[in-house]
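Summary of the model geometry
As a plain string of letters, each chain reads:
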Amino acid sequence: MHHALFLPEITCNIFEFLNPFLSEPTASHDRNRLRLQDIAAAATTCHAFSGPALDVLWDTQLCLGPLLMCMSPSVVQVFPSNGPGGRRTIQLIEDPLLSDWSQMLPYARRIKRLGPPIAEYRWRLPETFSIPSYIINWLLSTYPVHDFLPRLTHISCSDLELSLEDIAEISLAPLSGSNLTSFDFSPTFDADEEAWPLLSVLVDDLPQLKAIRLTVNVPPDNKHVLYSGAIAPLSLFHDLDSLDLTINGTVPQGSGLAGFQIFPRLRKLRLSSHVNFTVGFLTALQSTVLHTLDLAVQQSPSTANWHLDRHQLFPSLRYLTISSDLRFMMSLVKTVQSSALDGLSLTIVHADNHQIVMGALTALISSKSGWASSLTSITINRSGINLLVDEYSGPGHPYFLSVQDLLVFSNLQRVTLDRLVISLNNALCDKLAAGWPHLVGFYFNPTSARDLAPATVDLNSLVAFTKHCPNLSRLQLGIPWDMTELPVLDDETLAILSSRRTRSACMRISVDGFSSLADPKAVARFLAAVFPGREIKIVLAAPVCLKYVTKPANGWYEVVGWLKRTQPSSLEIGR
């Protein structure tokens, strides 16, 4: 065995790619074939693999059932479920001894997360168990928690609650001395429940929390409990660093947040709610260090008046994401006082086409003080189905974006423009490439508006971006690849491209998955000349069903085959 595999840092990193809870398929059509059994097998291979493999295997647990089952069957017993779809129940049939406890200790010390996997999973999750609350209280209080669960940093109470008989009887106070900093829960209030018991004591039991994810379902006939039962106790976390808050349900316009001292040290906020709550929450937020703001605003009436223009908000903001109608979006952008925004992502939803003026949006963000030099990432798109051909076309279409207006942002590294009407040609692409020399990724999806503003670009645009942008690693322009004659690179361009580092980042080129190639071998030679020595990944932008296309039926398989003779290359289905 290679001596490098005796280093736990290396083997642990390798095993993380084998754990389906931590890794996921890179191609959009792949089913995750990784199995926890593979990690368990690695743990029993040899002593050098045992520790790192067990660290990865126990990193994330859906519930505490597997840990309890490490004890002897004479102490713990699993009882069958009461009916179909039910969970099996774990019970203690005698008082555990210290020796029984020690059987859990080597594994408990490896748990970092209690809750669902962090990776996107497309497979059936392992079984969870129903556990009486008295067992959880015994588990947390018998042994010093900083020794028993020293690595535990996150609990998803939403999932943990499903495995407990009565979460209201759980005492989390023993975890106050642990490294737990992140908590996720979803209380539901009704006419008989004015507050969630666990939420009301959370600030006393877990004062060290830095990140909270809260989802509140607001009943239509009891909306006041949103503030009294959820926001009031939540606002007691004055040192909270990150908040992910989702409010499901309509909230009446008014001063429900008046008098609250809300999160003076908050740095990251993700908020999804009705527009009335959004406006009240943002204007009441007292943080002067907010770094990241991500908003998903539910549909708002066109006659609503939020008076956002009266406020000057978020002087420290660096990353702003908004998903809303255009009217609210522009109102909020106007109030942002940050002069050093790094990233901006705008998604237009719930739109009335007659109120859309993309030029007004680009003019607004271009006018913001300091953004021209600070902005490094910009995304502008719209939600919904592809645009339909109607009486509008080209520059007259409500979603027509004059992309050259974005050249004012000279330090852009990533540009994503999706589901918009944009007219591109080779001359404009050359201008964009020269104006964005730091560009790392440019994604433009022309398929949703092909009949509204056809893109007339060819492989010369690919050469232009590659020539002017030495750090480019991702490109999609909707370039047709079925041309019989490929561009011939001049000596100057060849000299520039050949002087680039051959070990730079992998180059991802998105192409139409259904495109036909006249000469795959010539395309491979052309790509090898444009990206000499670099790894090239061809991304087929196509539906999932393309995975069933056989290799001889698609020329891109042949292109990758020819490229592999000179440099690393692969093919992926995605976007």
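Residues numbered from 1 in each chain as written. Predicted model: local features only at pLDDT ≥ 70, side-chain atom pairs only at ≥ 80, totals over all residues. Heavy atoms only, no water.

**Some remarks on the overall build of the protein chain**
Within the protein chain, the secondary structure is distributed over 19 helices and 19 strands. The buried share among the 575 residues of the protein chain stands at 48%. Excluding contacts between residues fewer than 6 apart, the proportion of contacts in the protein chain whose partners are at least 24 apart in sequence is 78%. In the form shown here, the protein chain has an accessible surface area of approximately 26,300 Å², with 51% of it arising from carbon and sulfur atoms. (Helix = DSSP H or I, 4+ residues; strand = E, 2+ residues; numbered from the N terminus. Buried < 20%, exposed > 50% of the residue type's maximum accessible area, 1.4 Å probe, protein only. Contact = heavy atoms within 4.5 Å. Areas by Shrake-Rupley, 256 points an atom, 1.4 Å probe, with all protein chains shown as cover.)

**Things to note about the environment of Cys157**
Checked against the element boundaries, Cys157 lands in helix H8 (residues 157–160). Given a relative accessible area of 1%, Cys157 falls into the buried group. Measuring from C-alpha to C-alpha, the distance between Cys157 and Asp184 comes to 5.5 Å, with 27 residues separating the pair along the chain.

**Description of helix H6 (residues 133–141)**
Within H6, the full set of buried residues consists of Ser133, Ile135, Ile136, Trp138, Leu139 and Leu140. In the core, the buried residues of H6 are packed alongside helix H4 (65–68), strand E3 (89–92), helix H5 (98–108) and helix H7 (145–148).

**Details of the nonpolar core**
Residues Phe281, Phe465, Trp481 and Leu527 are the most contacted members of the largest nonpolar core, which totals 160 residues. Apart from the residues within four sequence positions on either side, Phe465 is in contact with Cys429, Leu432, Ala433, Leu439, Phe442, Leu472, Leu475 and Leu477. (Core = buried A, V, L, I, M, F, W, Y, C linked by side-chain atoms within 4.5 Å.)

**Here's the deal with the confidence of the model for the protein chain**
In this model, the protein chain carries a mean pLDDT of 82, and residues with pLDDT of at least 70 account for 81%. Across the protein chain, strand E11 (residues 319–324) holds the top mean pLDDT of 96, while H8 sits lowest at 66. Of the regions scoring below 50 in pLDDT, residues 544–552 engages in 11 contacts with residues more than four places distant in sequence or in other chains. (pLDDT = per-residue confidence, 0-100.)

**Focus on the pairing of strand E6 (residues 182–185)**
Both faces of E6 are covered, namely the face carrying Ser182 and Asp184 and the face carrying Phe183 and Phe185. Examined bridge by bridge, strand E5 (residues 154–156) and E6 share three bridges and lie parallel to one another. Residue pairing in the sheet places Ile155 in a bridge with Phe183 of E6. Strand direction decides the pairing type here: E6 and strand E7 (residues 211–217), joined by four bridges, are parallel. Of the residues in E7, the one forming a bridge with Phe183 is Ile212. (Pairing = 2+ DSSP bridges.)

**Overview of the packing of helix H15 (residues 426–435) against helix H16 (residues 459–468)**
Between H15 and H16, the least distance of the axes is 8 Å, while the angle of their chain directions is 10°. The angle between H15 and H16 falls in the class roughly parallel. Contact with H15, carried on its side by Asn426, Cys429, Asp430, Leu432, Ala433 and Ala434, involves Asn460, Ser461, Ala464, Phe465 and His468 of H16 and no other residues of that element. Here the contact of H15 with H16 is built from residues that sort into six nonpolar, four polar and one charged. (Axes fitted to C-alpha atoms, helices over the stretch in contact; angles between N-to-C directions. Parallel < 35°, antiparallel > 145°, perpendicular 65-115°, else oblique. Nonpolar A, V, L, I, M, F, W, Y, C, P; charged D, E, K, R; others polar.)

**Section: the packing of H16 against helix H18 (residues 520–530)**
Where H16 contacts H18, the axes come no closer than 11 Å and their chain directions differ by 20°. Looking at the two axes, H16 sits roughly parallel to H18. Crossing hand, H16 versus H18: right-handed. Across the interface between the two elements, Leu459, Leu462, Val463 and Thr466 from H16 touch Phe526, Leu527 and Val530 from H18. Tallied by class, the residues present in the contact of H16 with H18 amount to six nonpolar, one polar and no charged. (Left-handed = near helix turned anticlockwise from the far one by under 90°.)

**A closer look at helix H19 (residues 555–563)**
Within H19, burial applies to Gly555, Trp556, Val559, Val560 and Leu563. End-on, the buried residues of H19 take up no more than an arc of 145°, which puts them together on one face. (Arc of directions from axis to C-beta.)

**Digging into the packing of aromatic side chains**
Aromatic ring pairs: the centre-centre distance and the angle between the two ring planes describe each pair. Tallied over the entire structure, the rule returns 11 aromatic pairs. Their ring planes at 25° and their centres at 5.7 Å tell us that Trp101 and Tyr143 sit as a pair that is stacked. With Trp101 in helix H5 and Tyr143 in the loop between H6 and H7, the pair connects residues that are 42 residues apart, well separated along the chain. When the ring of Phe183 is compared with that of Phe185, the centres are 5.3 Å apart and the planes differ by 55°; the resulting orientation is tilted. In this pair, the class of Phe183 matches that of Phe185, namely buried. An aromatic cluster is built from Trp101, Trp138, Tyr143 and Phe148, whose rings are joined through pairwise contacts. Here Lys368 stacks its cationic end above the ring of Trp371, 5.6 Å away from the centre of that ring. Of note, Arg382 hangs over the ring of Tyr399, and the distance from its end group to the ring centre comes to 5.0 Å. (Phe/Tyr/Trp six-rings, centres within 6.5 Å; stacked < 30°, edge-to-face > 60°. Lys NZ or Arg CZ within 6 Å of the ring centre and 35° of its normal.)

**Observations regarding the side chain of Ser338**
Examined against the element boundaries, Ser338 turns out to sit in the loop between helix H12 (326–335) and strand E12 (343–348). Here Leu317 takes part through its backbone oxygen, which lies 2.5 Å from a polar atom of the side chain of Ser338. Here Ser338 is in contact with Leu313, Phe314, Pro315, Ser316, Leu317, Ser369 and Trp371, once residues within four sequence places are set aside. (Polar contact = N/O pair within 3.5 Å; in protein donor to acceptor, adjacent residues only side chain to side chain.)

**A short note on a nonpolar patch on the surface**
Together, Leu7, Ile10 and Ile14 give the surface a local cluster of nonpolar side chains, amounting to about 230 Å² of exposed area. Mapped onto the elements, Leu7 comes out in the segment before helix H1 (8–16). Exposure remark for Leu7: the relative accessible area of 44% places this residue in the partly exposed category. (Patch = residues over 30% accessible without salt bridge, like charges linked within 9 Å, V, L, I, M, F, W, Y side chains within 5 Å. Salt bridge = Lys/Arg side-chain N within 4 Å of Asp/Glu carboxyl O.)

**A few points about the pairing of strand E13 (residues 377–382)**
Within E13, five of the six residues are buried, which leaves the element mostly enclosed by the surrounding structure. The pairing of E12 with E13 spans six bridges and is classified as parallel. Paired with Ile348 across the two strands is Arg382, which belongs to E13. With five bridges connecting them, E13 and strand E14 (residues 414–418) associate as parallel partners. Each residue of the ladder has a partner; that of Ile378, found in E14, is Val415.

**Comments concerning unusual backbone geometry**
Phi at Phe263 is positive, roughly 45°, even though this residue is not glycine. Judged by relative accessible area, Phe263 falls into the buried class, the value being 2%. Within the chain, Arg419 stands out as a residue other than glycine whose phi angle is a positive 60°. The residue Arg419 is located in the loop between E14 and H15 in this model. Note on Arg419: relative accessible area 25%, which makes it partly exposed.

**Quick look at the environment of Arg213**
Within the element layout of this structure, Arg213 appears in strand E7. Using a relative accessible area of 45% as the deciding quantity, one classes Arg213 as partly exposed. Taking the C-alpha atoms as reference, Arg213 lies 5.9 Å from Leu243; in sequence the two are 30 residues apart. Discounting residues that sit within four places of it in the chain, Arg213 has contacts with Phe183, Asp184, Phe185 and Asp244.

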